[in-house]
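# Chain and residue survey
Here is what each chain is made of, one letter per residue.
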Amino acid sequence: MFNIRVLILLLVLLLGILFVYLHHEWRPTSFIPQTNTHRDRLSAEVTVNQIFHLVAPDHLKYKQPSIVHGRTDVVTLAPWLAPVIWEGTFNPVLLDSIYQSKNITVAATVFAVGKYIRFLKKFLETAERFFFVGFRVNIYVFTDRPKEVPRVQMSAGRKVVVHSVPSSDRWQEISARRMELIQNLIEEVQNSTDYIFCLDVDSEFHGRWGSESLGGLVAVIHPGYYRDDRGRFPYERRPASRAYVADGEGDFYYCGGAFGGLLQEVHLLAKTCHLNFKADAEEGIEAAWQEESHLNRYMWINKPSKILSPEYLWQDFKPRNPEIHIIRFSGVVKNYADIRPNV
Ligand code: UDP
Ligand code: MN
């Protein structure tokens, strides 16, 4: 009798061990990237799907693509195979329908400190007409004059958010602080935003700037130097600076007035440029073109995954070159002595 009880007990125990064995999760879970953002808490598979998987609506009608006919007057791929976006290289209808279904939110930052507040109205009005039309857009305005921010009617899903910043009597300081404030903003909005673009306020939109510009790390080619030899690019040339780019190095000269990409990418860029700027300042060095120099150094090492042609930041005073089929965003002509706090 006793032996049968022991036998049953042993059997139950064995069954128990077998049950636990069969139901145990043996696969290690640690290869799924663990970070603390809301989006990253989803499985790695879902994250990849959200960002890179391009789903077009069934039966969408659009012009047949070709690999033998297209723009021949410009280069549309960087040597590291990042696309260079020119008018005629993409289909806006197709791209918009792909990105609409992802339900993305795009942020833009713009600084309007001191007299630069005067540029804000046109910037906001034209952004409403041309910047990611039909998408959820939040424009973050950083200003020391929050009461003077113009009221611009925005359509549903789009808004202007005002952040107060201190005034400054040196424009170089305003320019230098941008990266730190962008870094902080990204930390604030990371759960609700997918992409961010950081733009100069002394500019206006004249044509579409939309989903074709989305990418990991996105840089805009400066309109002033893209036909020049890189020896003539205004990089920081003193080796003592952390923005130093040596002679014979560098790919393109990129704009400080427009850059962007995925939140995580722009966060790393802003953080790195800010730290390098600060470390330089502690040694009494200010790079030739402040954060534009640091951005150029960063982009030389961290290659942008998408490059926007000078269509995406032209300058009003420059006559349009033949390869520029459309000007999408352009810096207005301004009198520095009149608007900057110092010369
Ligand atoms: N900025 C500002 N107030 C200033 C100087 C600069 O708000 O007194 C901001 C503004 O967003 C401006 C950007 O910093 O667009 C870069 O400065 P700026 O446009 O003068 O540089 P540039 O494009 O002429 O090189
Ligand atoms: Mn500017």
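A brief look at the structure comes next. Nothing here was measured: the structure is a model prediction, and the numbers come from that model.

## With respect to the environment of Asn103
Relative to the assigned elements, Asn103 resides in the loop between helix 3 (92-100) and strand 2 (105-112). Take Asn103: its relative accessible area is 51%, and that puts it in the exposed class. Setting aside chain neighbours within four positions, we find Asn103 in contact with Arg136 and Asp194.

## Brief notes about the site of ligand 1
Not every one of the 14 residues close to ligand 1 is listed here, only the nearest: Phe111, Val113, Tyr116, Lys334 and Tyr336. Between Val113 and ligand 1, the recorded distance is 2.7 Å, taken from a backbone N or O atom to an oxygen atom. Relative to its unbound accessible area of 510 Å², ligand 1 is 86% covered by the protein chains. In this structure the site holding ligand 1 corresponds to the second largest pocket. Those elements that provide at least two residues to the shell around ligand 1 are strand 2 and helix 5 (171-189). The biggest single contributor to the shell around ligand 1 is helix 5, with 3 residues.

## What to know about the sheet that holds strand 7 (residues 217-221)
In spatial order, the strands read 1-9-7-8-5-2-3-4; together these 8 strands make up an open sheet with mixed pairing. Edge positions in the sheet fall to strand 1 (84-85) and strand 4 (158-164), since each has one partner strand and no second. Pairing of strand 5 (residues 195-199) with strand 8 (residues 254-262), which is carried by 5 bridges, proceeds in the antiparallel orientation. Paired with Phe197 across the two strands is Gly260, which belongs to strand 8. Sheet strands touched by helix 6 (residues 263-282): strand 5, strand 7 and strand 8. Its angle to strand 8, the strand with the most contacts, is close to 140 degrees.

Scoring rules and cut-offs
- Residues numbered from 1 in each chain as written.
- Chains lettered and ligands numbered in written order.
- Predicted model: local features only at pLDDT ≥ 70, side-chain atom pairs only at ≥ 80, totals over all residues.
- Heavy atoms only, no water.
- Helix = DSSP H or I, 4+ residues; strand = E, 2+ residues; numbered from the N terminus.
- Buried < 20%, exposed > 50% of the residue type's maximum accessible area, 1.4 Å probe, protein only.
- Contact = heavy atoms within 4.5 Å.
- Near = heavy atom within 4 Å.
- Polar contact = N/O pair within 3.5 Å; in protein donor to acceptor, adjacent residues only side chain to side chain.
- Areas by Shrake-Rupley, 256 points an atom, 1.4 Å probe, with all protein chains shown as cover.
- 1 Å grid on protein atoms, 1.4 Å probe; cavity = no way out; pocket = protein on both sides within 12 Å on 5 of 7 lines; lining within 4 Å.
- Sits in = over half its atoms within 2 Å of the grid points.
- Pairing = 2+ DSSP bridges.
- Axes fitted to C-alpha atoms, helices over the stretch in contact; angles between N-to-C directions.

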